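Structural features, examined
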2 protein chains.
Amino acid sequence: MKVVLGMGVCYIYGAGEHFTPPEEVGMHDLVIAADGGLMQLKKHGARIDLYVGDLDSIESIPINIDRVILPREKDKTDMMQAALIGAERGFRTFCIFGGTGGRLDHTIGNIQLLAELTNMGYSVFIVGKYDVVTAIRNNEIYFPSHFTGNISIFPHSGDASGVYEEGLKYALNNAHIPGTFNGVSNEFVGVKSRVAVESGMLLVVYERQGGRMHLNISTCAMTAGNQIQKPSG
Amino acid sequence: MKVVLGMGVCYIYGAGEHFTPPEEVGMHDLVIAADGGLMQLKKHGARIDLYVGDLDSIESIPINIDRVILPREKDKTDMMQAALIGAERGFRTFCIFGGTGGRLDHTIGNIQLLAELTNMGYSVFIVGKYDVVTAIRNNEIYFPSHFTGNISIFPHSGDASGVYEEGLKYALNNAHIPGTFNGVSNEFVGVKSRVAVESGMLLVVYERQGGRMHLNISTCAMTAGNQIQKPSG
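Residues numbered from 1 in each chain as written. Chains lettered and ligands numbered in written order. Predicted model: local features only at pLDDT ≥ 70, side-chain atom pairs only at ≥ 80, totals over all residues. Heavy atoms only, no water.

1. Considering the overall build of chain A
If you tally the helices and strands in chain A, you get four helices and eleven strands. When burial is assessed residue by residue, chain A has 58% of its 233 residues classed as buried. Across chain A, the fraction of contacts at a sequence separation of at least 24, relative to all contacts at a separation of at least 6, is 61%. Of the accessible surface of chain A, which amounts to about 9400 Å², a share of 49% is contributed by carbon and sulfur atoms. (Helix = DSSP H or I, 4+ residues; strand = E, 2+ residues; numbered from the N terminus. Buried < 20%, exposed > 50% of the residue type's maximum accessible area, 1.4 Å probe, protein only. Contact = heavy atoms within 4.5 Å. Areas by Shrake-Rupley, 256 points an atom, 1.4 Å probe, with all protein chains shown as cover.)

What follows is the structure, encoded as structure tokens:
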């Protein structure tokens, strides 16, 4: 399953160290170049639907590409503005490439963006060289049985409770974890698995599966619209 | 000023992407190789006082090096165990190299470690290829006027209040910021500057200054023992 809530996926490309052109861009998807990401997409001859940026790291924009030019001095990053424009156009699922690696401030900044968009109800996947990071808030995410490698969880924005890790090498069952919890290097073991949090937000970081993105999108679809109702009793 | 509270600096070396041997290791400092960091230190012919790890990523340990061998299956990472051993020996200031770059789960895991050690009252600096990340909790940090480049702040473990950025291109004055706040890309402007938080924790990420570490240690010294008293009225 690729489509979430009848909509496509909004791909956003930054200028970070790792880059993979979108593999399966559909007619209902949107590909945004966030400033320097334009050069990378051009280099790969990839589809570009929209440029969003302040022009501070590119030399030219092809005349046939739609654009939103931002001021250089602004509170929100080019990447965040790109996501908000995608959200305005109705997208609820975002895949961000070129958002990690290189400068650590940019990496952390993009994790903050992930958290902010998750608070707004969107599903966001930041794809790095080795791994994918997503976030769930009062929600759950499933992984199919063929996933391999490492999966790690970390709270974001404070403590988390009602935390579950099921079908992985190490289990958590209704755990309360502090904001500094370090859930690094759990492992997929060949069965369908689930990470859930009843109250709070988790970053979920898992290995890229053979470099393919559509698997990540499919896990994304599994989280959408399945907000956990925290027991009131 | 290099020495904090009469103690030296505990240097911890991991196997992350970027590596700089310690420049000014003194007789009161401690250099710990955390598992795979041993190979890097050996390659550079650097001083190694102690190996801490589970032996899962090294081939041999020189016989004259003290060691703490950890079980492979454990709750705490090699890096965290190394820091706790340093703390047991009386160190309060930690500089971590080889803790970022590469796998994003390890990078985020080490930021969690930074936050945990900061909660315990220690000063910790994670030195990456381009930047240094430290954290302050109910505390402040000063930077000398010769610092150049970018500086970013991000809350950790939830909201932060009484947040100040002074002497930088963009100012914050007694701000309340949510846990998803994205304070990326503020800039040093050639005057002494200060970042402070009265309640909560901030990650502070700033550009490495000419690759030298002793400047970072000197800023570290400025934060130690200066916990901000939150106004009670």
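So much for the structure itself; the text now carries on.
2. Structural notes on the packing of aromatic side chains
Ring pairs (aromatic) are described by centroid distance and by the angle formed between their planes. Per the counting criterion, the structure on display carries 16 aromatic pairs over all chains. Judged by centre distance (5.5 Å) and plane angle (75°), the ring pair of Phe147(A) and Phe188(A) falls under edge-to-face. Of this pair, Phe147(A) sits in the loop between strand 7 (131-143) and strand 8 (150-166) while Phe188(A) is found in the loop between strand 10 (183-187) and strand 11 (193-207), placing the two residues 41 residues apart along the sequence. Across this residue pair, the class does not change: Phe147(A) and Phe188(A) are buried. Ring centres of Phe143(B) and Tyr206(B) lie 4.8 Å apart, and the angle between their planes is 70°; on these two criteria the pair is classed as edge-to-face. Here Tyr206(B) lies in strand 11 (residues 193-207) and Phe143(B) lies in strand 7 (residues 131-143), a separation of 63 residues in the sequence. Each member of the pair Phe143(B) and Tyr206(B) is classed as buried. Grouping aromatic residues by their ring pairs yields a cluster made of Phe143(A), Phe147(A), Phe188(A) and Tyr206(A). A cation over a ring is seen here: Lys192(B) above Tyr142(B), with NZ or CZ 4.8 Å from the ring centre. Directly above the ring of Tyr164(B) sits Arg194(B), whose terminal nitrogen or CZ lies 5.5 Å from the centroid. (Phe/Tyr/Trp six-rings, centres within 6.5 Å; stacked < 30°, edge-to-face > 60°. Lys NZ or Arg CZ within 6 Å of the ring centre and 35° of its normal.)

3. Observations regarding the relation of the copies chain B and chain A
Rotating chain B by 180° about the axis while translating it 0.0 Å along that axis superimposes it on chain A, leaving an RMSD of 0.0 Å. What the superposition gives is, in effect, a two-fold axis relating one chain to the other. Take the interface residues of chain B: 100% of them recur as interface residues in chain A, which is what a same-surface contact looks like. (Least-squares fit on C-alpha atoms with pLDDT ≥ 70 in both.)

4. What about the UniProt feature "domain: Thiamin pyrophosphokinase thiamin-binding" (unreviewed entry) in chain A?
Within the UniProt annotation, "domain: Thiamin pyrophosphokinase thiamin-binding" (unreviewed entry) is assigned to residues 128-203 of chain A. Helix makes up 0% of residues 128-203 of chain A and strand 68%. Its end C-alpha atoms lie 14 Å apart. (UniProt positions renumbered as here; feature names shortened; annotations may be inferred.)

5. As for the pairing of strand 6 (residues 123-127) of chain A
All names here are of chain A. Within strand 6, five of the five residues are buried, which leaves the element mostly enclosed by the surrounding structure. The pairing of strand 5 (residues 93-97) with strand 6 spans five bridges and is parallel. If you follow threonine 93 over to strand 6, its bridge partner there is serine 123. Taken together, strand 5, helix 3 (residues 104-119) and strand 6 form a β-α-β motif whose crossover is right-handed. Here strand 6 hands over to strand 7 after three residues, the two strands then running antiparallel side by side. (Pairing = 2+ DSSP bridges. Right-handed = clockwise from strand over helix to strand, strands pointing away.)

6. Side note on the interface of chain B and chain A
Across the boundary between the two partners, chain B contributes 37 residues, which contact 37 residues of chain A. Taking both sides of the interface into account, the surface hidden between chain B and chain A amounts to around 2900 Å²; carbon and sulfur atoms contribute 57%. Of all residues in chain B, Leu104(B), Gln112(B) and Thr180(B) bury the most surface against chain A, accounting for 22% of the area lost on that side. Across the contact surface, chain B and chain A share ten residue pairs in polar contact (both at pLDDT 80 or more). Where the side of chain B that touches chain A is concerned, the elements lending two or more residues are helix 3 (104-119), strand 7, strand 8 (150-166), strand 10 (183-187) and strand 11 of chain B. With eleven residues, the top contributor of residues to the side of chain B that touches chain A is helix 3 of chain B. Classifying every residue of the side of chain B that touches chain A gives 13 nonpolar, 17 polar and seven charged. (Buried area = accessible area lost by both parts, 1.4 Å probe. Polar contact = N/O pair within 3.5 Å; in protein donor to acceptor, adjacent residues only side chain to side chain. Nonpolar A, V, L, I, M, F, W, Y, C, P; charged D, E, K, R; others polar.)

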